[in-house]
Amino acid sequence: NGHQKSLLIYVEEIFSKRLLTEILRRFAPELLHAVSIADVGNKNDVLKAVRYTLKHTGVNAIGIRDEESTASNSEPIFAYPLQNAPEKEIFQSQSVRDYLGTQYDVSFYDTISNSDDHHNYSRILSRICSIESATIETQCIQAFIAHQVPEKFSTLIENIKKNCN
C-alpha cells in the first residue's frame, strides 16, 4: 500500500502465511495494518531471513516457525503454539473435519489421510472439492481458528506486539 509497515514477519510457507493472517484477523485485527508477512521456505530459511534483515536493512523483523519446539530464546524467532505442522493440526482437527463434511460432503479420512505428505492435503482437497487450494486452505484455517480460545495465540500475539515499532 506504499506505507512502511512497522514489522516484517517471516514464516515458513504460504500456508503459514495464511494461518498467521487469519490468527491476526480473528484475535488482533489492528496488527494486520502494522505487519508484513513473507513466506521464505523452511525453519532454517526463517532464521536466515531474520538475521539478514536485522543486520543489513534496518527493517524490524521477526520469524515465526511452524512448531512450538522450534522457537528460539536467543533470537526473535517465535512459533505457533502447535505440536505438529500446521497443516496436520488444522486439517486433522474435528472442527475442520466437520466443516469439510458439511460444506463439501467430504470425509478427511476418506480423502487425504492416506497422504504421506501433509503439504499435499490442500491440493488433494482442492481437486476433490473443485475449489482453488488457496481458498480451501483459508476456509479450513478459519474453521479451525473459530474453535480456538484467544489464549491459545495470546503469547504469539504479545510477541508480535512487543516487536512492532
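Structure shown above.
Please read all numbers here as calculations on a predicted model, not as lab measurements.

Asks: What should I look at first to understand the pairing of strand β2 (residues 35-39) in this one?
Replies: When a strand is regular, its side chains alternate between the sheet's two faces. Pairing geometry for strand β1 (residues 7-11) and β2, over five bridges, is parallel. The partner of Leu7 across the bridge, within β2, is Val35. Once you follow β1 into helix α1 (residues 14-27) and on to β2, the crossover reads as right-handed.

Asks: What should I look at first to understand the packing of aromatic side chains in this one?
Replies: Enumeration according to the criterion identifies four aromatic pairs in this entry. A centroid spacing of 5.8 Å and a plane angle of 85° characterise the contact between Phe91 and Tyr121, whose relative ring orientation is edge-to-face. On the criterion of sequence distance, the pair formed by Phe91 in helix α3 (residues 86-91) and Tyr121 in helix α6 (residues 121-129) is long-range, its members being 30 residues apart. The exposure class of Tyr121 is buried, given its relative accessible area of 4%. Each ring, one from Tyr99 and one from Tyr104, has its centre 6.3 Å from the other, and the planes form 80°; the classification is edge-to-face.

Asks: For this particular structure, what's the right way to read the nonpolar core?
Replies: Side chains that are nonpolar tend, in soluble globular proteins, to be buried together. Counting residues in each nonpolar core, the largest one holds 43 residues, and the members touching the most others are Ile9, Leu20, Val35, Ile64, Tyr80, Phe91 and Ile160. Apart from residues no more than four positions distant in its own chain, Phe91 is found in contact with Phe15, Val96, Arg97, Phe108, Ile112, Tyr121, Ser122, Leu125, Glu137 and Cys140. Judged by nonpolar contacts, the second largest core, of eight residues, contains Tyr10, Val46, Leu47 and Val50.

Rules of the game
Residues numbered from 1 in each chain as written. Predicted model: local features only at pLDDT ≥ 70, side-chain atom pairs only at ≥ 80, totals over all residues. Heavy atoms only, no water. Pairing = 2+ DSSP bridges. Helix = DSSP H or I, 4+ residues; strand = E, 2+ residues; numbered from the N terminus. Right-handed = clockwise from strand over helix to strand, strands pointing away. Phe/Tyr/Trp six-rings, centres within 6.5 Å; stacked < 30°, edge-to-face > 60°. Buried < 20%, exposed > 50% of the residue type's maximum accessible area, 1.4 Å probe, protein only. Core = buried A, V, L, I, M, F, W, Y, C linked by side-chain atoms within 4.5 Å. Contact = heavy atoms within 4.5 Å.

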